[in-house]
Amino acid sequence: YQENNPNAVISIYEEEDQGSIVSKPKKRKRGKAEFYINEEDSEKFQYKDLYYISEIKDELNRITTADDVKKLSATKILDYLLSQGLVEERNIDGKFIRVQTDKGLQKGITTIEKVSKAGNPYTLLMYPPEVQKEIVNYFIR
């Protein structure tokens, strides 16, 4: 094959000054770290009377100065709220609905009802400053 195809590339190598052949080490891709914020970032969080979970997510992604971290997802925040017993998921008429628990109600988590463009009603949870602060503190490293 090499005689018939003298310009074919059959391996890639670097030559050192002494003429010995050294293969290039493969570069490992380093994945991004899980999302976190630095302590000083927490002071930049703009608290509101009530936030949707997506707004909390967006605000946390906006304020982080941590390098090489994944973007925060609403699911990560929801996992925290579930673990703290502030919200739960219930199967109502074959649909999983997020609702606040008694503990969540005591902390001021409220439910609002909305209607989609297609005319379908749905509910969203809204989180007061006390819960916002807990979420912010949870993500501080």
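Here, every reference points to the structure presented above.
A closer look at helix 2 (residues 74-83)
Listed in full, the buried residues belonging to helix 2 are I77, L78, Y80 and L81. Buried residues along helix 2 cover an arc of 155° about the axis, so they all sit on one side. In this structure, the buried residues of helix 2 make contact with helix 1 (53-63), strand 3 (87-92), strand 4 (95-100) and helix 4 (129-138). Looking at the residues trailing helix 2, positive phi occurs at G85, about 75°.

Observations regarding the packing of helix 2 against helix 4
Where helix 2 meets helix 4, the axes come as close as 11 Å, and the angle between the chain directions of the two elements is 110°. In terms of orientation, helix 2 and helix 4 fall into the roughly perpendicular class. From helix 2, I77, Y80 and L81 reach across to helix 4, where they touch V131, E134, I135 and Y138.

Some points on the environment of A74
Tracing the chain through its elements places A74 in helix 2. Taking relative accessible area as the criterion, A74 reaches 25% and is therefore assigned partly exposed. Between the alpha carbons of A74 and E55 there is a distance of 9.1 Å; along the sequence they are 19 residues apart. For A74, the residues in contact, after removing those within four places along its chain, are I53 and K57.

Things to note about the packing of aromatic side chains
Across all of its chains, the model carries five aromatic pairs by this definition. When the centroid spacing of 5.7 Å and the interplanar angle of 70° are considered together, the rings of F35 and F139 count as edge-to-face. Highlighted residues: F35 in the loop between strand 2 (21-22) and helix 1 and F139 in the segment after helix 4, separated in sequence by 104 residues. Classification of F139 by relative accessible area gives buried; the value is 7%. Seen from their ring centres, Y138 and F139 are 4.9 Å apart, and the 80° between their planes marks the pair as edge-to-face. Here a set of aromatic residues connected by ring pairs shows up, and it is made of F35, Y80, Y138 and F139. Geometry around Y36 places R141 over its ring, the cationic atom sitting 3.8 Å from the centre.

Calculation criteria
Residues numbered from 1 in each chain as written. Predicted model: local features only at pLDDT ≥ 70, side-chain atom pairs only at ≥ 80, totals over all residues. Heavy atoms only, no water. Buried < 20%, exposed > 50% of the residue type's maximum accessible area, 1.4 Å probe, protein only. Helix = DSSP H or I, 4+ residues; strand = E, 2+ residues; numbered from the N terminus. Arc of directions from axis to C-beta. Contact = heavy atoms within 4.5 Å. Axes fitted to C-alpha atoms, helices over the stretch in contact; angles between N-to-C directions. Parallel < 35°, antiparallel > 145°, perpendicular 65-115°, else oblique. Phe/Tyr/Trp six-rings, centres within 6.5 Å; stacked < 30°, edge-to-face > 60°. Lys NZ or Arg CZ within 6 Å of the ring centre and 35° of its normal.

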